[in-house]
Amino acid sequence: MTGGAENGAAGPPAAETSAAGTAAAALDGAWRPWRTAEMAEALDWIRAFNHDHPDHPVRILGVKPAQARPADYDAVLEHVRVTAPGRLAALAAHLDPIRTAHQIDEHVQRARGIHPGGSFAEHARAALAIVEHLPDQGVLPLMRRIAGFHERSVAGRNDYAGDARTWAATIVGHQRRTGARIAYWDGIAHTAATPVTLGLAPERGAQPTVGAVLREQYGAGYVAVAIGFHHGDLGIADVPAPAQDWLDARLGTAGQPALWLDLRTPEACRRWNAPATVRVISGIYDPARDAAEHLTVDNLPAAVDVLVHLREVSPVRRLP
């Protein structure tokens, strides 16, 4: 399930929608789930909207701090090749395996059994130590950014929840500076207006969310929308019908292609005023362990304001 609320959006890649070039090219360095034809079409729509509404453009804002890019690794290696060639092989041995995380996240590599071995964060710290001891440290800021990227990753943190208050502070700061309306687009594990407990890590208990921080800041001015589905083909996996006691199953009993449920109405709030378990499709989703691929909230209407439920889903179209 995913959720949302500037004339702009927080969450997808920080693409410039008014510059020359194609939407697909703007997604070249984006997080893998965004590199789809559907996302490119959304960016094309935003560009067209901005052309027709120059006084009220849509902007895209990334909520995370500046991230390392594949080109950063090339710049570091080239600098060392020129200035300290004797350290190049050792540096490359650390950087070559970990740059693969920009195509497939490290925790996903582990789940799929394709991880090359060794902690990427440890490799990055070892590479940083090499660069820190070079006579010419011109690429040190880039190397620090690479290390930070791996240390803050899901695998590096050993935590799926992310840094809720830091990400929320980016959104709040932008909104207060600009006065813009903002749609925060992410998974329900981030957008829910209350803490959530992940089925893959129940021992950690309820974890804070960006949405919970935004609810603290804006009250009812932050509206959490969750989009879920009953079953379907993801292209990489066939998702079966959910467990009968999950919310996805309860919403799917009507058999309708799509449902819209506003939990802010008194009647709906009374009906759904209870804990709820919903399916979560993550980067490491495996139908064989579908029973663990979920999250739980203590009170559904407190966590989600509007529910959108689709009976069946079909695959996105991946960009080359």
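Relevant structure appears above.
Computed from a predicted structure; not experimentally measured. (Residues numbered from 1 in each chain as written. Predicted model: local features only at pLDDT ≥ 70, side-chain atom pairs only at ≥ 80, totals over all residues. Heavy atoms only, no water.)

Q: Lay out the packing of helix 6 (residues 120–132) against helix 7 (residues 140–151) with the relevant residues and their values.
A: One way to put it is that helix 6 packs onto helix 7 with a least axis distance of 8 Å and a crossing angle of 165°. Taken together, the axes of helix 6 and helix 7 lie roughly antiparallel to each other. Helix 7 is crossed by helix 6, and the crossing has left-handed handedness. For the pair formed by helix 6 and helix 7, the contact residues are Phe120, Ala121, Ala124, Arg125, Ala127, Leu128, Val131 and Glu132 on the first element and Leu140, Met143, Arg144, Ile146, Ala147, His150 and Glu151 on the second. Grouping the amino acids of the contact of helix 6 with helix 7 by side-chain chemistry returns ten nonpolar, one polar and four charged. (Axes fitted to C-alpha atoms, helices over the stretch in contact; angles between N-to-C directions. Helix = DSSP H or I, 4+ residues; strand = E, 2+ residues; numbered from the N terminus. Parallel < 35°, antiparallel > 145°, perpendicular 65-115°, else oblique. Left-handed = near helix turned anticlockwise from the far one by under 90°. Contact = heavy atoms within 4.5 Å. Nonpolar A, V, L, I, M, F, W, Y, C, P; charged D, E, K, R; others polar.)

Q: Describe the packing of aromatic side chains, and please don't skip the residues or the numbers.
A: Taken as a whole and judged by the stated rule, the model has two aromatic pairs. Seen from their ring centres, tryptophan 45 and phenylalanine 49 are 5.3 Å apart, and the 20° between their planes marks the pair as stacked. Taken together, the residues tryptophan 45 and phenylalanine 49, both in helix 2 (residues 37–52) and four residues apart, mark about one turn of the helix. In this structure tryptophan 45 comes out as exposed when scored by relative accessible area, which is 55%. (Phe/Tyr/Trp six-rings, centres within 6.5 Å; stacked < 30°, edge-to-face > 60°. Buried < 20%, exposed > 50% of the residue type's maximum accessible area, 1.4 Å probe, protein only.)

Q: Now, about the pattern of salt bridges: what can you tell me, with residues and values included?
A: Side chains that differ in charge, positive against negative, can pair when their charged atoms come close. Following the criterion strictly, the structure yields 13 salt bridges and no others. Here arginine 69 and aspartate 72 are joined by a salt bridge, their closest N and O atoms 3.9 Å apart. The class for aspartate 72 is buried, based on a relative accessible area of 3%. Three or more residues joined by partner-sharing salt bridges are found here, namely Glu38, Glu41 and Arg317. (Salt bridge = Lys/Arg side-chain N within 4 Å of Asp/Glu carboxyl O.)

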